[in-house]
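# Survey of secondary and tertiary structure
Each chain, written out:
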Amino acid sequence: VLTSFSLDACGAPTRYETMKLRDPPKDHYTPGESVVYQCRLGYRIKPSFAMTAVCNDSNSWTPLQEACAKKLCSNPGDPVNGRVIQTNGTLEFGSQVDYVCDEGYRLIGEKTSYCYIYEDSVAWSSERPECNRIMCAPPPNIENGQYRNSEKEVYEYNEVVHYSCRSADYSLIGNERLICSTNGEWSTEPPKCKVVKCPFPRVDNADRIAGFGTKFVYKSKVVFQCHEGFVMNGSDTITCEGDSLWVPPVPQCVKVSTPPSTKPPILSHPVSTLPKTTSPVSSHPG
Ligand SMILES: *[C@@H]1O[C@H](CO)[C@@H](O)[C@H](O)[C@H]1NC(C)=O
Ligand SMILES: *[C@@H]1O[C@H](CO)[C@@H](O)[C@H](O)[C@H]1NC(C)=O
């Protein structure tokens, strides 16, 4: 009887990815016995799929198809002034959604939420975030200058403020215009108002060919040209910068020395503007 029993039996019931046995398994099942499956945690039943397997006369279990599918989290919907993105193209558990806010709005809360198994169902890992209008606090006040609309308490996203200096004695150094930007911060640091006055740029043996003024303020430019017989050491164009200094430094006009060889002197100025030399070159006599 014992041997015939062991031959005449089904082994452990088949395992399925989406289903588990409703009752504790037994060691043996005799032909004609059946087992009932139910959905695993996080899965829901697909309608009209069989959930019962039978131990048949050939001592094997009738095969079943996966009868359960992953549960779906409810669509959380778009936040006001933003939207939700189904990152994995589905709302089933294990997938994620990402939230984005419209331009000019800032996301408050979690950007990403996961659909996960919660108690005997599924739920989102975090609440839907909010999209709040981006606002900036008033930009900084500056010495010897001001910006327009300075009485406001808050500024809206993309709002622009314009700075100016107290009087024409001051030069505005930096950005005249600041924009209320992402994260509620101003686009740049505010400008500075400074008295900028560069010294008269004296270059011997040269003419000023541009920048004829006598007062040199912020961004004043002067261009020099050396007299014939002189070459420039440095840049022919200089600009008065915020520290009341010429940038690059004031150049010099250096006398062209009669070359001891055929090689011209090595100078920093481009060859094309070198003054013509009248001295004969040894390879072309006469
Ligand atoms: C969902 O998409 C994200 C981003 O592409 C990816 O990192 C993640 O592995 C995906 N999750 C699943 C369950 O496919
Ligand atoms: C050019 O100017 C620099 C800096 O003033 C100086 O060191 C250099 O000797 C000058 N060169 C010539 C050829 O005068």
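Just above sits the structure.
This one's a predicted model, so the numbers in the text were calculated from it and none came from an experiment. (Residues numbered from 1 in each chain as written. Chains lettered and ligands numbered in written order. Predicted model: local features only at pLDDT ≥ 70, side-chain atom pairs only at ≥ 80, totals over all residues. Heavy atoms only, no water.)

If you tally the helices and strands in the chain, you get one helix and 25 strands. When burial is assessed residue by residue, the chain has 30% of its 286 residues classed as buried. Looking at the chain alone, contacts between residues at least 24 apart form 39% of all its contacts between residues at least 6 apart. Summed over all atoms, the accessible surface of the chain reaches about 18,600 Å², with 52% contributed by carbon and sulfur. (Helix = DSSP H or I, 4+ residues; strand = E, 2+ residues; numbered from the N terminus. Buried < 20%, exposed > 50% of the residue type's maximum accessible area, 1.4 Å probe, protein only. Contact = heavy atoms within 4.5 Å. Areas by Shrake-Rupley, 256 points an atom, 1.4 Å probe, with all protein chains shown as cover.)

Right, let's get into the environment of K46. Here K46 is to be found in the loop between β3 (43-45) and β4 (52-54). Taking relative accessible area as the criterion, K46 reaches 29% and is therefore assigned partly exposed. A C-alpha to C-alpha distance of 8.8 Å links K46 and E66, two positions 20 residues apart in sequence. For K46, the contacting residues outside a window of four places in its chain are E66, A67, C68 and A69.

The subject of this paragraph is unusual backbone geometry. Of note, the bond from V247 into P248 is cis; its omega dihedral lies within 30 degrees of zero at -15°. Counting through the fold element by element, P248 comes out in the loop between β24 (246-247) and β25 (252-255). Phi at S48 is positive, roughly 60°, even though this residue is not glycine. With respect to the element layout, S48 can be found in the loop between β3 and β4. Of the residues examined, S48 reaches a relative accessible area of 80% and is grouped as exposed. One non-glycine residue, N59, adopts positive backbone phi at about 60°.

Attention now goes to the sheet that holds strand β2 (residues 34-39). What the three strands build is an open sheet, ordered β1-β2-β4; its pairing is antiparallel. This sheet does not close on itself; its edge strands, each paired only once, are β1 (19-21) and β4. Across this sheet, the average inter-strand angle for adjacent strands is 35°, counted without regard to direction. Pairing analysis gives three bridges linking β2 to β4, with the strands arranged antiparallel. Counterpart to V36 in the pairing with β4 is T52. (Pairing = 2+ DSSP bridges. Axes fitted to C-alpha atoms, helices over the stretch in contact; angles between N-to-C directions.)

We now examine the side chain of S113. Structurally, S113 can be placed in strand β9 (residues 112-118). Separated by 3.1 Å, the side chain of S113 and the backbone oxygen of S126 make a polar contact. Among all residues touching S113, those that are not within four sequence positions of it are S95, Q96, V97, Y99, W124, S125 and S126. (Polar contact = N/O pair within 3.5 Å; in protein donor to acceptor, adjacent residues only side chain to side chain.)

On to the state of the cysteines, then. This structure, assessed with the given rule, holds eight disulfides. The disulfide partner of C165 is C193, and the S-S distance across this bridge is 2.1 Å. Here C165 and C193 share a disulfide; its torsion about the S-S bond, -90°, makes the bridge left-handed. Taken together, the positions of C165 in strand β15 (residues 160-165) and C193 in strand β19 (residues 192-194) put the pair 28 residues apart, joining distant regions of the chain. In this pair, the class of C165 matches that of C193, namely buried. In this model C198 forms its disulfide with C240; the gap between the sulfur atoms is 2.1 Å. Its S-S torsion of approximately 95° makes the covalent link between C198 and C240 right-handed. Note that C198 is positioned in the loop between β19 and β20 (206-210) and C240 in strand β23 (residues 237-240), a separation of 42 residues in sequence. Relative accessible area serves as the criterion here: at 6%, C198 is assigned to the buried category. (Disulfide = S-S within 2.5 Å.)

Within the structure shown, the criterion is met by eight aromatic pairs. Where Y29 meets W61, the ring centres are 4.9 Å apart and the plane angle is 75°; that geometry is what we call edge-to-face. Here W61 lies in the loop between β4 and β5 (68-70) and Y29 lies in the loop between β1 and β2, a separation of 32 residues in the sequence. Ring geometry for F200 and F216: centres 5.9 Å apart, planes at 65°, overall edge-to-face. Separated by 16 residues along the polypeptide, F200 in the loop between β19 and β20 and F216 in the loop between β20 and β21 (221-226) bring together distant segments of the chain. F200 sits in the partly exposed class, given a relative accessible area of 49%. Above the face of the F93 ring, K70 is positioned so that its terminal group lies 5.3 Å from the ring centre. Between the NZ or CZ atom of R133 and the centre of the ring of Y105, over which it lies, the distance is 5.4 Å. (Phe/Tyr/Trp six-rings, centres within 6.5 Å; stacked < 30°, edge-to-face > 60°. Lys NZ or Arg CZ within 6 Å of the ring centre and 35° of its normal.)

Formed by 24 residues in total, the largest nonpolar core has its most connected members in M19, Y37 and W61. Broken down by secondary-structure element, the contributors of at least two residues to this core are β2, β7 (96-101) and β10 (121-124). Ranked by the residues each element gives to this core, the list is headed by β2, at three residues. Split by domain, this core shows at least three residues from each of two domains, domain 1 (1-70) and domain 2 (82-133). In terms of nonpolar packing, the next biggest core, distinct from the first, is built from 15 residues, V203, C226, F230 and M232 among them. (Core = buried A, V, L, I, M, F, W, Y, C linked by side-chain atoms within 4.5 Å. Domains from an automatic or database assignment.)

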